[in-house]
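Chain and residue survey
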Amino acid sequence: MAEVLRPEMLDISSNDNTSSLASSTELLHVLAVDDSMVDRKFIERLLRVSSCKVTVVDSATRALQYLGLDGENSSVGFEDLKINLIMTDYSMPGMTGYELLKKIKESSAFREIPVVIMSSENILPRIDRCLEEGAEDFLLKPVKLADVKRLRDSLMKAEERAFKNMMHKRDLEANDLYSQLKRAKI
Amino acid sequence: MQRQVALIKQSLFDQGYLDEQFMELEELQDDANPNFVEEVSTLYFKDSARLINNIDQALERGSFDFNRLDSYMHQFKGSSTSIGANKVKAECTKFREYCRAGNAEGCLRTFQQLKKEHSTLRKKLEHYFQLARQAGPKETARRPK
């Protein structure tokens with residue numbers, strides 16, 4: 001009788017980009033947007049200290065360019081771009097963080113990425129507007145290390161859940177295939 | 001020497017030149033990044049010098065574009081807050097209040113005071129960082145590994 005393939009030996013690979021795992025060795029990649037030199041240096045350090053990979057840009061326009069959402073061809077390999085979180089200042093010349101938030105939520109490729117707004121001004125209507133538009137959180141500047149760690153932890157948990165769901169799905173698919181093969185007595 | 005550095009730092013806090021945000025910055029230093037606070041400070045003074053210049057020019061022109069001045073001051077206040085420059089931040093707040101009130105004279109007066117505080121802080125921090133470097137890395141606050 002031919003050897004029946006056990007489920008673990010079957011390789012059901014998919015083309016989805018859940019190949020980037022939030023294991024302890026894989027870093028969350030954060031895109032930070034701020035027009036202030038000092039604040040860019042500060043947020044970059046906060047994120048590195050929190051074990052995140054960081055890309056910092058100085059405007060919303062550059063953020064859109066980086067993501068490939070500006071209509072031009074992106075310089076970064078679009079399909080390989082894995083951003084786990086976007087943190088943006090609210091008040092920026094040209095396009096504001098709020099407008100950037102809207103553009104990201106309008107994009108089918110990036111609308112699932114959590115966007116956090118940072119602002120030095122505690123203006124309730126502004127906060128409401130951002131949250132209504134789908135912002136993950138609104139942080140008052142100066143941002144605290146505790147805020148960043150809290151964000152990172154909740155993102156890691158979400159990634160872990162997504163990873164577990166994917167593995168569970170693969171297990172089910174593998175078991176299903178195994179049963180089919182068994183029934184066909186291959 | 002290290003004790004001297006500690007005393008200088010303490011007096012900067014006691015006299016209100018710096019606030020807790022400066023301590024938050026120190027918390028982010030480690031062996032791999034022992035000069036982080038000084039780097040941020042250098043960046044701050046470079047950036048704020050540019051802003052002071054812009055505001056000086058805007059005020060010299062005589063026409064008081066309060067919106068533009070307020071916008072410059074918003075940036076100034078922002079970076080001053082991020083580094084813990086307490087007195088400078090307070091002057092920024094006052095300036096913005098005068099802007100909103102359309103009070104040109106108040107703006108001019110406050111701006112002179114702001115420049116003084118800014119210059120004083122720069123000298124004090126330069127002195128502090130110089131001593132801290134001489135005293136050796138033990139003195140600056142470090143994050144536990």
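Note that this is a predicted model, so its numbers are computed, not measured.

Rules and cut-offs
Every chain's residues receive numbers from 1 upward, in the order its sequence appears when written. Working convention: letters from A go to chains and numbers from 1 go to ligands, in the order in which they are written. For a predicted model such as this one, the threshold for reporting local features is a pLDDT of at least 70, and the threshold for listing and counting side-chain atom pairs is 80 or more; totals across whole chains, interfaces and linings nevertheless cover every residue. Only heavy atoms go into the side-chain values, all of them from the structure, while hydrogens and water stay out. How sure the predictor is of each residue is captured by pLDDT, a score from 0 to 100. We count a stretch as a helix when DSSP gives it H or I for four or more residues in a row; a strand needs E for two or more, and each element gets its number in order from the N terminus. Each residue is assigned to one of three classes by its accessible area relative to the maximum for its type, calculated with a 1.4 Å probe on protein chains only: buried under 20%, partly exposed between the two thresholds, exposed over 50%. It is the directions from the helix axis to the C-beta atoms whose arc is reported. Note on definitions: a residue-residue contact is assigned when non-hydrogen atoms from the two residues lie within 4.5 Å. Joining two parts hides part of their accessible area as seen by a 1.4 Å probe, and the buried area is that hidden amount summed over both. For this analysis, a salt bridge means a side-chain nitrogen from Lys or Arg found within 4 Å of a carboxyl oxygen belonging to Asp or Glu. UniProt positions are given in the numbering used here, feature names are shortened, and annotations may be inferred rather than shown by experiment.

**Examining the confidence of the model for chain A**
Mean pLDDT over chain A works out to 86, with 81% of the residues at or above the 70 mark. Model confidence for chain A, summarised as mean pLDDT per element, is weakest for helix α5 (residues 145-184) of chain A at 91 and strongest for strand β3 (residues 85-89) of chain A at 98.

**Brief notes about helix α2 (residues 60-67) of chain A**
All names here are of chain A. Taken together, the buried positions of α2 are occupied by Ala-60, Ala-63, Leu-64, Tyr-66 and Leu-67. In a view along the axis of α2, the buried residues occupy a sector of 160°, so they form one face of it. Of the surrounding secondary structure, the elements contacted by the buried residues of α2 are β1 (28-33), β2 (52-57), β3 and α3 (97-106). Looking one or two residues beyond α2, the residue adopting positive phi is Gly-68, at roughly 80°.

**What about the interface of chain A and chain B?**
Taken together, the contact between chain A and chain B spans 15 residues of the former and 19 residues of the latter. Taking both sides of the interface into account, the surface hidden between chain A and chain B amounts to around 1600 Å²; carbon and sulfur atoms contribute 66%. Along the contact surface separating chain A from chain B lie 3 salt bridges. Between Asp-30 of chain B and Arg-45 of chain A there is a salt bridge, with its nearest N and O atoms 3.2 Å apart.

**Considerations on the UniProt feature "modified residue: 4-aspartylphosphate" (unreviewed entry) in chain A**
Residues and elements named next belong to chain A. UniProt's entry tags Asp-89 with the feature "modified residue: 4-aspartylphosphate" (unreviewed entry), counted in the numbering of this structure. Of note, Asp-89 is situated in strand β3. We classify Asp-89 as buried; its relative accessible area is 6%. Beyond its immediate chain neighbours, meaning those up to four positions away, Asp-89 contacts Val-33, Asp-34, Asp-35, Gly-97, Met-118, Ser-119 and Lys-141.

**Some words on the UniProt feature "modified residue: Phosphohistidine" (unreviewed entry) in chain B**
Under the present numbering, the feature "modified residue: Phosphohistidine" (unreviewed entry) in UniProt falls on His-74 of chain B. With respect to the element layout, His-74 of chain B can be found in helix α4 (residues 66-83). With a relative accessible area of 19%, His-74 of chain B lands in the buried category. Excluding residues within four positions of it along the chain, His-74 of chain B makes contact with Ser-91, Ser-120 and Glu-121 of chain A together with Arg-96 of chain B.

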